[in-house]
Protein chains: 2
Amino acid sequence: MSSQILPDNFVRTVPDGDTHERDVCHDCGFIHYVNPKVVVGAVVHHEGKILLCRRAIIPRLGFWTMPAGYMECGETAAEGAIREAMEEACADIVIDAVLAVYTIPRIAQVQVMHVARLGKPHFAAGPESQEVGLFDWDEIPWDDLAFPSVRWALTHFREIQGQDTFPAFTNPPGEFGNMR
Amino acid sequence: MSSQILPDNFVRTVPDGDTHERDVCHDCGFIHYVNPKVVVGAVVHHEGKILLCRRAIIPRLGFWTMPAGYMECGETAAEGAIREAMEEACADIVIDAVLAVYTIPRIAQVQVMHVARLGKPHFAAGPESQEVGLFDWDEIPWDDLAFPSVRWALTHFREIQGQDTFPAFTNPPGEFGNMR
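Treat the numbers as computed from the prediction; the structure is a model and nothing was measured.

**Things to note about the overall build of chain A**
From N to C terminus, chain A includes two helices and ten strands. Taken from N to C terminus, the helices and strands of chain A fall in the order β-β-β-β-β-β-β-α-β-β-β-α. When the backbone C-alpha atoms are referred to their principal axes, chain A occupies close to 60 × 35 × 30 Å. Burial analysis of chain A (180 residues in total) assigns 49% to the buried set. On chain A, roughly 8700 Å² of surface is accessible, and the fraction owed to carbon and sulfur atoms is 51%. Each charge sign in chain A was given a centre, from 14 positive and 25 negative side chains, and these centres are 3 Å apart.

Here it is, written out as structure tokens:
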């Protein structure tokens, strides 16, 4: 599974010594291995409110999400979440815990979501956001959230209020993120 | 970062519209994106003992590990851990919780480790294992563990004994998995 469109010189075949079909270049023999990708992000709170970003990019342009994005090589999951908060919300965040590990098998995505707080009381829209705001629970734009896992993470964050420690959540029962 | 050796027709360059250097085929323009890979596994317990596998494959052939391996597309992290336990230890396991999310930046790996138990009192060496056994804490071959994160996971599993719920662990302080 890949969102990348391959040139015509790739063919689908099982390489020697492999057990799975892969995309292989019939010119040079390059094998295009595809593995699940990791998204890292955080539910960021400040004075009882939650930081959300309105997306300025596809997919789901104009819809709301927490800061999150693809993890890069060479960083930890927490470092990736901190980087994404800076890129998308110009926010300097402090990670406190792992909130959840969600899997979206349809798009082969693992999402490592954290609980974090603003290290400084400042935020602004980065280039990938139309706007960024702090929301009370009742103000959250529930009908305009970008992805099912945004709702999961917010709901799970709500559940752990008042708890010193909590187990990491996974997908809610029966939820696989197949719908938007 | 990639363990895959690329053909000579790949060159290192920043594609149009990108911000990072990538490996690009100068014949067909194919871009070889590399992201962190996900390893899924489980500390499996049965009657107070822990299931360990002696590796029959490189790297670290002959050293001990818990069942774990690369997550495949189309499965959840928990499903991947269950598959790996069956492949490496012929063990039918039941996942109870997320134990830890470790990151090894040097090799761009995220490890999602679970707590699990044997669903049936049976195990055996799969094709990737020389032998599989159940170990009391004092019997664990500490000097012959395959990877630092095996020690982390066993130690973290030990810490949560007697606790109904516990937060997901991350890398121990100062530990980045750079040494074997």
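On we go from here.
**Focus: the packing of aromatic side chains**
Tallying each qualifying case throughout the model produces eleven aromatic pairs over all chains. With a centroid separation of 6.3 Å and an interplanar angle of 90 degrees, the aromatic rings of Phe10(A) and Phe30(A) are classed as edge-to-face. Pair noted here: Phe10(A) is in strand β1 (residues 10-13) and Phe30(A) is in the loop between β2 (22-25) and β3 (31-32), with a separation of 20 residues, a long-range link. For the ring pair Tyr102(B) and Trp152(B), a centre distance of 5.2 Å and an interplane angle of 75 degrees mean the geometry is edge-to-face. With Tyr102(B) in strand β8 (residues 93-104) and Trp152(B) in helix α2 (residues 148-159), the pair connects residues that are 50 residues apart, well separated along the chain. In this structure Trp152(B) comes out as buried when scored by relative accessible area, which is 2%. Among the aromatic residues, ring-to-ring pairing joins Phe10(A), Phe30(A), Phe10(B) and Phe30(B) into one connected group. Directly above the aromatic system of Phe63(A) lies the positively charged group of Arg60(A), at a separation of 3.8 Å from the ring centroid.

**Some words on the side chain of Arg83(B)**
All names here are of chain B. Residue placement: Arg 83 occurs in helix α1 (residues 77-89). A polar contact of 3.0 Å, which involves the side chain of Arg 83, links it to the side chain of Glu 84. Residue contacts for Arg 83: discarding those within four places in its chain leaves Tyr 70, Met 71, Glu 72 and Glu 75.

**What to know about the interface of chain B and chain A**
By a widespread convention, an interface's size corresponds to the accessible area lost as its parts come together. With 37 residues of chain B at the contact, the number on the chain A side is 37 residues. Buried surface at the junction of chain B and chain A, both sides included, amounts to about 3100 Å², of which 71% is carbon and sulfur. Contact with chain A buries surface across chain B, with Phe30(B), Pro36(B) and Cys73(B) losing the most and accounting together for 18% of the total. Counting every contact that joins chain B to chain A gives two residue pairs in polar contact (both at pLDDT 80 or more).

**Remarks on the relation of the copies chain B and chain A**
Superposing chain B onto chain A requires a rotation of 180 degrees together with a translation of 0.0 Å along the rotation axis, leaving an RMSD of 0.0 Å. Put plainly, the chains are arranged around a two-fold axis. In terms of proximity to the rotation axis, the leading residue of chain B is Pro167(B), whose C-alpha is 2.2 Å off the axis. When the interface residues of chain B are mapped onto chain A, 100% of them again fall at the interface, so both copies present the same face.

What counts, and where the lines are drawn
Residue numbers restart at each chain and count upward from 1, following the sequence in its written direction. Each chain takes a letter, starting from A, and each ligand takes a number, starting from 1, following the order in which they are written. Where local features are concerned, this predicted model is filtered to residues with pLDDT of at least 70; where side-chain atom pairs are given and counted, the filter is 80 or more; whole-chain, interface and lining totals use all residues. In computing side-chain properties, one takes all heavy atoms of the structure into account and sets aside hydrogens as well as water. A run of H or I in DSSP counts as a helix once it spans at least four residues, and a run of E counts as a strand once it spans at least two, with each numbered from the N terminus. Relative accessibility thresholds used throughout: buried, under 20% of the residue-type maximum; exposed, over 50%; partly exposed, between the two (1.4 Å probe, protein chains only). To be clear on the numbers: accessible area is Shrake-Rupley with a 1.4 Å probe, and residue cover counts the displayed protein chains and nothing else. In this tally Asp and Glu are treated as negative and Lys and Arg as positive; neither His nor the chain ends contributes. Throughout, a charge is located at the NZ atom of Lys, the CZ atom of Arg, the CG atom of Asp or the CD atom of Glu. In this analysis, rings of Phe, Tyr and Trp, with Trp reduced to its six-membered ring, are considered paired at centre separations within 6.5 Å, and the interplanar angle assigns stacked below 30 degrees, edge-to-face beyond 60, and tilted for intermediate values. Comment: the charge-over-ring label is applied if NZ (Lys) or CZ (Arg) is within 6 Å of the ring centre and within 35 degrees of the ring normal. Under this definition, polar contacts are N or O atom pairs within 3.5 Å; protein pairs additionally need one hydrogen-donor-capable and one acceptor-capable atom, and for neighbouring residues in sequence, both atoms have to be side-chain atoms. Throughout, a contact is declared for two residues whenever any of their heavy atoms are within 4.5 Å. Buried surface area refers to the total accessible area, computed with a probe of radius 1.4 Å, that the two partners give up upon joining, counted for both partners together. Residues below a pLDDT of 70 in either copy are left out; the C-alpha atoms of the rest, at least 70 in both, set the least-squares superposition of the copies.

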